[in-house]
Every structure is written in structure tokens, then in C-alpha cells.
Amino acid sequence: MNTMVINKKTKSELRNASRFLGLKEQDIFERALMFYLYSIKNQIAFKKEMEAWDILSDESFLKMGF
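Attention in this report is confined to the structure presented alongside it. (Residues numbered from 1 in each chain as written. Predicted model: local features only at pLDDT ≥ 70, side-chain atom pairs only at ≥ 80, totals over all residues. Heavy atoms only, no water.)

**As for the environment of Arg 19**
One can find Arg 19 in helix H1 (residues 8-21). Measuring from C-alpha to C-alpha, the distance between Arg 19 and Lys 8 comes to 16 Å, with eleven residues separating the pair along the chain. (Helix = DSSP H or I, 4+ residues; strand = E, 2+ residues; numbered from the N terminus.)

Have a look at this one:
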């Protein structure tokens, strides 16, 4: 298992949510992380696409002698 360091305020909020919901802190943390990663999935895909276009345009300029 990997260890993550979180600040005191976040840890406190996590502990409170754990008690209130009756879930393990680890489960809440993993759910929150997965939700966040899913929500930025489109941004990651867009960034990858822009990087691919940038590489392609660089290659085109080099072939043109620029």
C-alpha cells in the first residue's frame, strides 16, 4: 500500500466524514480520488491531444525546412 501525506484540516474532514458515514477513511479517500480523476479525464485527454498536435506541427515545420 502507498502512503499519502495530507494536511491536518483535510485529515480532520476525512475523519469526520468517516464517522458520520460509517465508512473507513481509506474507502472515502479512494472514492474521492477516483471521483476527482474521473472528473478531469477530459482535461487529460485534451492535453494529450494538444501535445500530439504540437509534435506533429513541429515535424511538419522541420520537413518544410523551417
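Next, the rest of the story.
**Comments concerning the side chain of Ser 18**
Topologically, Ser 18 is positioned in helix H1. Looking at Ser 18, the relative accessible area reads 12%, which means it is buried. When neighbours within four sequence positions are excluded, Ser 18 is seen to be in contact with Leu 23, Lys 24, Glu 25 and Ile 28. (Buried < 20%, exposed > 50% of the residue type's maximum accessible area, 1.4 Å probe, protein only. Contact = heavy atoms within 4.5 Å.)

**What about the environment of Phe 20?**
Along the chain, the position of Phe 20 falls in helix H1. On the basis of relative accessibility, which here comes to 73%, the residue Phe 20 falls in the exposed class. For the pair Phe 20 and Ile 40, spaced 20 residues apart in the sequence, the C-alpha separation amounts to 28 Å.

Geometry only, nothing functional implied.
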